[in-house]
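Observations on chain architecture
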Amino acid sequence: MAIMSKKTVEDVNVQGKKVLVRVDFNVPMDKDSGMITDDKRIRGALPTIQYLLDQQAKVILVSHLGRPKNGPEDKFSMKPVAERLTELLDQPVILAQDVIGEDAKTKAAALKDGEVLMLENVRFHSEETKNDPAFARELADLAEIYVNDAFGTAHRAHASTAGVANFLPGAMGFLIEKELNVMGKALNDPARPFVAILGGAKVSDKIGVIDNLLDKVDTLLIGGGMAYTFLKAQGQEIGLSLCEEDKLELAKTLLDKAQEKGVELLLPVDSVVADQFSAEATPEVVTDIPSDRLAMDIGPESVKQYAAKVAEAKTVVWNGPMGVFEFPAFAEGTRAVAKAVAESDAISIIGGGDSAAAIEVLGFADQVTHISTGGGASLEFLEGKVLPGIDALLDKNPRRIFAAGNWKMNQGVPSEAVAFLKALKPVVADAKATVAVGVPFTVIDAALKETAYSNINVAAENCHFEDKGAYTGEVSAKMLAYMGVPYCIIGHSERREYFAETDETVNKKARALLNWGVRPIICCGESLDQREEGVHFDFIKSQIIGAFKDIPEEKLYLITIAYEPIWAIGTGKTATDEQAEEICAFIRGVMADLYSEEAAQALRIQYGGSVNAKNVAGLFGMENIDGGLVGGASLKTVDFGIICNTYQG
Ligand code: PGA
């Protein structure tokens, strides 16, 4: 995965603005007293909150707390959190009685510069975890800007972590920025040797991480219960130790991959075993595990080898304990590895809840570079997955190249679409461009599933502007939103020609999409006759003016314009770089007149019409062309791969 270059809170103007901040205030509480037992997560968000207050922003905080199942419940109220935050900020924190209800709305509206409002627990609404677009819109309506600083939930596509960014321009807070900087650097540009230590009970939890890290690290040290599935895969006796029989083949594949990649992979050479899984069991150190014993920890010789590798490292990533460290008799492997990590001069990153807890309990927390605040999120980040809560935020470069395929009425059989996307994923995984595929309605569901957590976005190719009604055969923008479709192509020349689409319907569709948080790709372009008659500038201008009627400037960040001369579509006849550039520059000028120079400069304009692997570099290199809408060539994995990978950032 390419490092996602996203705007931070410092890149957006928050002065005096209403800013909705998603924080992770899911703090542990004492069941009986309801007191917060550890306020680290609250303190973690203070730099962002303080920065916003210094900018005189009106701060609206939203978080989840625990897992309320049936709506509002006192024991999951944010009240104690608001009280604790009041102390930490040394200023009052206003608590709303609800999340998007009357009280929240009234209090948000009345908020003054430099004041803080805390909404009630966002999970009082089941729409939160469903990423319900209407709920996300209501949350967004409370504010003007969105900031995500909840790294712990960044791997979830929920309404307050991702959906809201489809309605408000979003930036990341300092906590997320720090997480990404440290972990992103380690993964993409590590000081070497780069050593990863992976532990934990199950291989199945770590397959993705191992697979991804094998492409990055010099040495991989494996401990914990999962080590024994690997040892068995190598043909060793592991007695009663944990083994995932159904993962043996996979373990072999991963061992082979390590060899292929020249990654040194170490497994325990000795183990601490017991005759039962119990804190009271008597520990014994063995090199060969007897048939009536199970491994509970790595042994002293393994510790020595692992510590030596850590000592040589310049970057260390550690995730997962080496043994059953909750039982003191079997905690030594984990403790010794923690100590080695703490004592090394390397950049050291602890990801995942268990290893973070281990390093804290063992007292080494101050001696490591970074302890990730997100268990699941850090794991998914190490797996190379795209985190929805970060992906949804504004790109640092608003005109980052956008390579979008338009399959048209092709590959509409789900199995075809899935096979194509499976093959495409690795080819574009490191693309620095935004990547999307426009697909037929019949495969949207399959495409969304296949591309989840990847950098491939799904686009619909059309929608209807009404939410529902007697429109046989149509699919509304609302329906697309509820499927979780992020983009929709509208006004394609084929739709204008064969399906009577007009500037007016394009405009209605654009507004419907924006209303539901789906990002429109609006097509325009002249015919050959119009070009030959010399009326193409006027024609395109009228298309743009028509399409953007009543669309406010603050929504433009969600919109892409695709300039597609009809004479170049599917004909093999591309506009020259200069012809394409001329019109894209012209469109930008029209948008500057309609809105502002600033808005026009930030707008993404694609060129479309016979874009292919050969002409893409010239086209994407032009000043005013910010990507392509690609038909024919997007149906070929290799060609579309080249198109997506052309942009170098
Ligand atoms: P083409 O199609 O690349 O096959 O010319 C472009 C489009 O219609 O979007």
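Rules used throughout
Residues numbered from 1 in each chain as written. Predicted model: local features only at pLDDT ≥ 70, side-chain atom pairs only at ≥ 80, totals over all residues. Heavy atoms only, no water. Domains from an automatic or database assignment. Contact = heavy atoms within 4.5 Å. Buried area = accessible area lost by both parts, 1.4 Å probe. Salt bridge = Lys/Arg side-chain N within 4 Å of Asp/Glu carboxyl O. Polar contact = N/O pair within 3.5 Å; in protein donor to acceptor, adjacent residues only side chain to side chain. Phe/Tyr/Trp six-rings, centres within 6.5 Å; stacked < 30°, edge-to-face > 60°. Helix = DSSP H or I, 4+ residues; strand = E, 2+ residues; numbered from the N terminus. Buried < 20%, exposed > 50% of the residue type's maximum accessible area, 1.4 Å probe, protein only. Lys NZ or Arg CZ within 6 Å of the ring centre and 35° of its normal. 1 Å grid on protein atoms, 1.4 Å probe; cavity = no way out; pocket = protein on both sides within 12 Å on 5 of 7 lines; lining within 4 Å. Points joined across faces, edges and corners; volume = space filled by probe spheres on them. Nonpolar A, V, L, I, M, F, W, Y, C, P; charged D, E, K, R; others polar. Near = heavy atom within 4 Å. Areas by Shrake-Rupley, 256 points an atom, 1.4 Å probe, with all protein chains shown as cover. Pairing = 2+ DSSP bridges. Axes fitted to C-alpha atoms, helices over the stretch in contact; angles between N-to-C directions. Patch = residues over 30% accessible without salt bridge, like charges linked within 9 Å, V, L, I, M, F, W, Y side chains within 5 Å. Lys, Arg positive; Asp, Glu negative; His and termini not counted. Charge placed at Lys NZ, Arg CZ, Asp CG, Glu CD. Arc of directions from axis to C-beta.

What follows concerns the domain arrangement of the protein. Often, the extent of an interface is quoted as the loss of accessible area on bringing the components together. Along its sequence, the protein is organised into domain 1 (3-175), domain 2 (190-382) and domain 3 (399-490 + 501-645). Computed from C-alpha atoms alone, the centre-to-centre distance between domain 1 and domain 3 is 33 Å. With 11 residues of domain 1 at the interface, the matching set in domain 3 holds 12 residues. Summing the contributions of domain 1 and of domain 3, the shared interface buries around 940 Å²; its carbon and sulfur component is 44%. Contact with domain 3 buries area across many residues of domain 1, yet P133, N166 and F167 alone supply 48% of it, more than any other trio. There are zero salt bridges connecting domain 1 and domain 3. At the surface where domain 1 touches domain 3, the tally comes to seven residue pairs in polar contact (both at pLDDT 80 or more).

What follows deals with the packing of aromatic side chains. Given two aromatic rings, one states the distance between the centres and the angle between the planes to describe the pair. Counted under the stated rule, the structure contains nine aromatic pairs. Ring plane angle 80 degrees and centroid distance 6.2 Å describe the contact between F548 and Y595, whose orientation is recorded as edge-to-face. Taken together, the positions of F548 in the loop between α22 (536-547) and β21 (560-563) and Y595 in the loop between α23 (577-594) and α24 (597-602) put the pair 47 residues apart, joining distant regions of the chain. Each member of the pair, F548 together with Y595, is buried. It is R137 that lies over the ring of W516; its NZ or CZ is 4.5 Å from the centre. When the ring centre of Y453 is taken as reference, the NZ or CZ atom of K385 above it lies at 5.2 Å.

Where empty space is left becomes clear once a probe the size of a water molecule has been rolled over the atoms. Taken as a whole, the second largest pocket encloses approximately 1100 Å³ of empty space. Lining of the second largest pocket is provided by 39 residues; of these, D24, R41, T373, G374 and G375 occupy positions nearest its centre. Going through the elements one at a time, α1 (40-44), α7 (174-188), α13 (353-361), β15 (370-371) and α14 (375-382) are the ones with two or more residues in the lining of the second largest pocket. Counting residues per element, the lining of the second largest pocket draws most heavily on α7, at four residues. Of the residues that constitute the lining of the second largest pocket, the class distribution is 11 nonpolar, 17 polar and 11 charged.

Neighbouring residues of the ligand: 14 residues in total, closest H492, E564, G570, S610 and G632. Separating an oxygen atom of the ligand from a side-chain N or O atom of N406 is a distance of 3.5 Å. The backbone of S610 places a nitrogen or oxygen atom 2.6 Å from an oxygen atom of the ligand. Notes on the ligand: free accessible area 280 Å², of which the protein chains cover 95%. Residue composition of the shell around the ligand, by class: five nonpolar, seven polar and two charged.

A few words on the sheet that holds β21. Strands sit in the order β16-β17-β18-β19-β20-β21-β22-β23 around a closed barrel of eight strands; the barrel is parallel. Within this sheet the neighbouring strands show an average axis-to-axis angle of 25 degrees, counted without direction. Pairing analysis gives four bridges linking β21 to strand β22 (residues 604-608), with the strands arranged parallel. Note on β22: the bridge partner recorded for A562 is Q606.

Let us now look at a negative patch on the surface. Taken together, the side chains of E144, E553, E554 and E598 make up a negatively charged region of the molecular surface. Topologically, E598 is positioned in helix α24.

So, on to helix α3 (residues 79-89). Residues of α3 that are buried include every one of V81, A82, L85 and L89, and no others. Along the axis of α3, the buried positions cluster into a sector of 100 degrees, meaning they face one direction only. Against the buried residues of α3 lie α1, α2 (46-54), β2 (58-62), β3 (93-95) and β4 (116-118). Two residues or fewer after α3 comes D90, characterised by a positive phi angle close to 60 degrees.

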